[in-house]
Structures are given as C-alpha cells and as structure tokens.
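Residue-level listing of the chains:
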Amino acid sequence: MLRKKDKVAMTPPMGWNSWDCWAATVNEKQLLENADYMAAHLKPFGWEYVVCDIQWSEPLAGTGEREYRNFARLTLDEYGRQMPAENRFPSAAGGAGFAPIAEKIHSMGLKFGIHIMRGIPRQAVHEHLPVLGTDVTADQVALFHSISCWNGDMYGLDPQKPESQAYYDSIFQLYAAWGVDFVKVDDICNTNMYPNNPYSAEKEIEMIRRAIDRSGRDMVLSLSPGPAVIEKAWHMEKHANMWRVTDDFWDKWELLKAMFERCEVWQKHVSPGCWPDCDMLPLGRIGMGFHSGRKTNFTRAEQVTMMTLWSIFRSPLMMGGNLPDCDNWTLSLLTNAEVLHLLKHSHDACQLVRDDTQAVWTSVDDDEGRYLALFNLCDAQAEVSCPLSELELSSAWVRDLWQKKDLGAVQGSVSALLAPHGAALLKLTRAH
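Residues numbered from 1 in each chain as written. Predicted model: local features only at pLDDT ≥ 70, side-chain atom pairs only at ≥ 80, totals over all residues. Heavy atoms only, no water.

> Before we move on, can you summarise the UniProt feature "domain: Alpha galactosidase C-terminal" (unreviewed entry) in the protein with the specific residues and values?
UniProt records the feature "domain: Alpha galactosidase C-terminal" (unreviewed entry) for residues 356-428 in the present numbering. From the first C-alpha to the last, residues 356-428 spans 26 Å; its make-up is 0% helix and 63% strand. (UniProt positions renumbered as here; feature names shortened; annotations may be inferred. Helix = DSSP H or I, 4+ residues; strand = E, 2+ residues; numbered from the N terminus.)

Given below as structure tokens:
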C-alpha cells in the first residue's frame, strides 16, 4: 500500500551528510562548499540532499568546552526550539535560522536536510520555557528519566500529554518555514534501546510523523541509529522513509562484512517510500571533525563491495566524505550511471548465497534482464560463481557494470575472479 508519506521518497534518497567528515563541527562554509560540489559534479547522477548533522545549535561544538556538565548549551528561541549557532552559521542571524542556507541550496536545484535528537532540550526544561501554542512550559512535558545514553542534551517527551505533540508540531512548523526537505531524527530508531522506558520510542516516532504531516511541507523522515528491530518493520514502514539497520558504520572490513547479514534480514522490507538504511558511505576524506582526518581505510576492492551491496539492496546513499576533496577514483564510484541505475530501476533484491567466504545477490531490472552481484568475503583472491538456473536462465549475455563493458554470452553459470573483499556487479539479459 502506497501511503502519502511514501511519495516524498519513491526511490532511495541520495545525498551527502556532514557527520563522517565534520562530526559536530560543521559550519555554513563547509555545507555550502559541499552543496556547490554536488551541484557541479553529482546532481546529474541523482544526488540531491545536503544534510547538516548533529549539534548545529551548539556554539561550542567540537571545542571540548561545556557550560553545563551533563548537557550542552544550545542556541534556543523563546519557545525552546533549536536555532543554528550564529558563530558557525552567520546567515542565521536575526532569527533567520536555516532559511538562507536552504534558499541557496534550493537555488542549486538541490534539497536541504538537518539532524535532530528526539525530544526537547534539557536547557529549555530547566529554564521553564513555554511550549508554543500552549499554556504549559517545557518541564511539564518532559520525561526526566528518558535521556539518550550517548548524548545528554535532550529529555524525551511524554506522549500522554497533548502539549508534547504541540512541541513537535512547533519545531516542524519552524523547519517547514526554513525550507527543510529532510530530517534525520536520532536516538529513536531502535525501539528496544531503552527497555525500562514506559513510553517507547514508537510513540515519539508517531508524534514526529504527525508533526511532519501537519507542517504542510514534504520532508523525508530518516530514523537513527540502529539497528532497528525487524519485529517493528511494520511500524517503520508506516511512519518513516528511512531507518537505520546498523549502528554507526565506519571504514572497517568487519563492519562491512556484517552488513550482509543485516541486508539479508531486511531484504523483504524494501519498497517505494520505505528504505532500510545501511548508513553513510565513508568514502574519500573523512574524520576531520574528529581531529583525525584521513582517507578512507577501505581498500578500493572494499569500496566497490560497499557500493555494490548498497546499490543492489537499494539502501539510501549518503556520501560521508568531504566532497570537495574527492579524487577521481572516489568520483568514479559516485557517478557510475549504470550502477546507480539500480537505485531507481530495480526491484525484488534477494540474497541467493552467503557463508563466511562468499555472497551472491540478485535483483530484477524494471525493463528487462536481471542483476547479479558476486562478493568475495575471503582475505585472498577467489572465484565466485552462480548457476544460471538460480536466475531461471540457461544462457545469458553479460555486462560488467563497474567496468562498463560487455563480457559476452555465457551458459551454465556466471563466475568472476575477485580481489580480496572484492565484488562484481553484472547485468544479465537473455542471449539471442
């Protein structure tokens, strides 16, 4: 069933997120530099979202200094709603918020997104700031025991109080006025994360969905972090557009190898407007905001494996590296039109084989033919093959999508000799 919320993300969203490269320190200049690069080099290939990640309202983010011991001092308006820190986002001065940045990004033909934590700022609660449109203050709607285990800035909101919905409505009205197209909500995706919380994250997800619908503006709803629990797939599909199936994903082979099992679990829950999310692509130059700037630790073969799995599974693609630092290799991964075609024009992806040494995935092209992804999970070069009978074919014409060349007709089976941790992505059509 296609829902109204699905129509804002009929295919997996593609964009850039500031976290992997700039962590909590991203500023206006860096956002716009990445937007400029995307518009110039990536937009023709379907990349469109520019997403500002966590702590954008904190003036001291990344400095190691704090005014409060347990939570950060944020820039808030009189109703406890976060505003961009003006020392980092100077165009936000005078209450403009993110509207000037969104307008610039929209003028490039791109879309703008932000990150938020679930709940209400603890600062607003302790200062007894009013909730817009109500007669109550923030301390009257907060759940004081509901605090993220890794970021102490927010209290959860009590779903039994209608003023909690009013607070969510107020922040999404603000985001709509700014021109926000994408909202990543954190500390909410794994609904089993806080088993002692009498009000599960499910209720906050529902309040957020309601607030977006009431805002009058289409926004993609992305939920983090994972892993989301498969038992709640129905709830994610009903309320969100993207949800993380993993905790933060970084450039480590063991994390990439583990993603095959996660994709296996979620493969039947991929559909228009509903995208299990394998997390950002730690490609190119990353880590500057963590004071450890580096090129990705993934080998080139591992980078191809990651892009192949994300593409055939149809995960959202969110580039994590700083775009202006892209070299030709990284750019080639992000602009291979034949590979990216799978994001918009394939369906029914499923895993055929997986053990400790190899994995095989297939999907169906919207027009004709099938896709076949062969993965070598070994630490040494190895051949991976798939009988054509698994694809209901006896013979096929094979094209290598990464190499952009035809390999000719095959019978019986398809195989590829792959580098350690490497992959091949093939398109198969019936041989004439």
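> How would you sum up the domain arrangement of the protein? Please name residues and give values.
Under the domain assignment, the protein is made up of domain 1 (4-335) and domain 2 (351-429). With centres defined by C-alpha atoms, the gap from domain 1 to domain 2 works out at 34 Å. Taken together, the contact between domain 1 and domain 2 spans 17 residues of the former and 21 residues of the latter. Across the interface of domain 1 and domain 2, roughly 1600 Å² is buried in total on both sides, 67% from carbon and sulfur atoms. Three residues stand out in domain 1 for area buried against domain 2, namely Phe260, Thr308 and Ile312, and they jointly supply 36% of the buried area on that side. Salt-bridge contacts for Arg354 lead to Glu264; the nearest nitrogen and oxygen are separated by 2.8 Å. For the pair domain 1 and domain 2, the interface holds 10 residue pairs in polar contact (both at pLDDT 80 or more). (Domains from an automatic or database assignment. Contact = heavy atoms within 4.5 Å. Buried area = accessible area lost by both parts, 1.4 Å probe. Salt bridge = Lys/Arg side-chain N within 4 Å of Asp/Glu carboxyl O. Polar contact = N/O pair within 3.5 Å; in protein donor to acceptor, adjacent residues only side chain to side chain.)

> Give me the lowdown on the packing of aromatic side chains, citing residues and values where you can.
All told, the structure shown has 16 aromatic pairs when counted by the stated rule. Here Phe172 and Tyr175 contribute two aromatic rings whose centre-to-centre distance is 5.2 Å and whose plane-to-plane angle is 75°, an arrangement assigned as edge-to-face. Residue Phe172 and its partner Tyr175 are located together in helix H5 (residues 162-178), separated by 3 residues, close to a single helical turn. Both residues of the pair, Phe172 and Tyr175, belong to the buried class. Grouping aromatic residues by their ring pairs yields a cluster made of Trp56, Phe89, Phe98, Phe112, Phe172, Tyr175 and Trp178. (Phe/Tyr/Trp six-rings, centres within 6.5 Å; stacked < 30°, edge-to-face > 60°. Buried < 20%, exposed > 50% of the residue type's maximum accessible area, 1.4 Å probe, protein only.)

> Lay out the pattern of salt bridges with the relevant residues and their values.
Note that side chains of opposite charge can pair when their charged atoms are close. Tallied over the full model, the rule gives 22 salt bridges. Residue Asp279 pairs with Arg244 through a salt bridge whose shortest N-O separation is 3.4 Å. Remark: Arg244 occurs in strand E9 (residues 242-244) and Asp279 occurs in the loop between strand E10 (275-277) and strand E11 (285-286); sequence separation between them is 35 residues. Across the pair Arg399 and Glu338 runs a salt bridge whose closest N-O atoms are separated by 2.7 Å. Residue Arg399 is found in strand E18 (residues 395-400), and its partner Glu338 is found in helix H11 (residues 337-345); the two are separated by 61 residues along the sequence. We classify Arg399 as partly exposed; its relative accessible area is 23%. For Glu338, a relative accessible area of 24% gives the class partly exposed.

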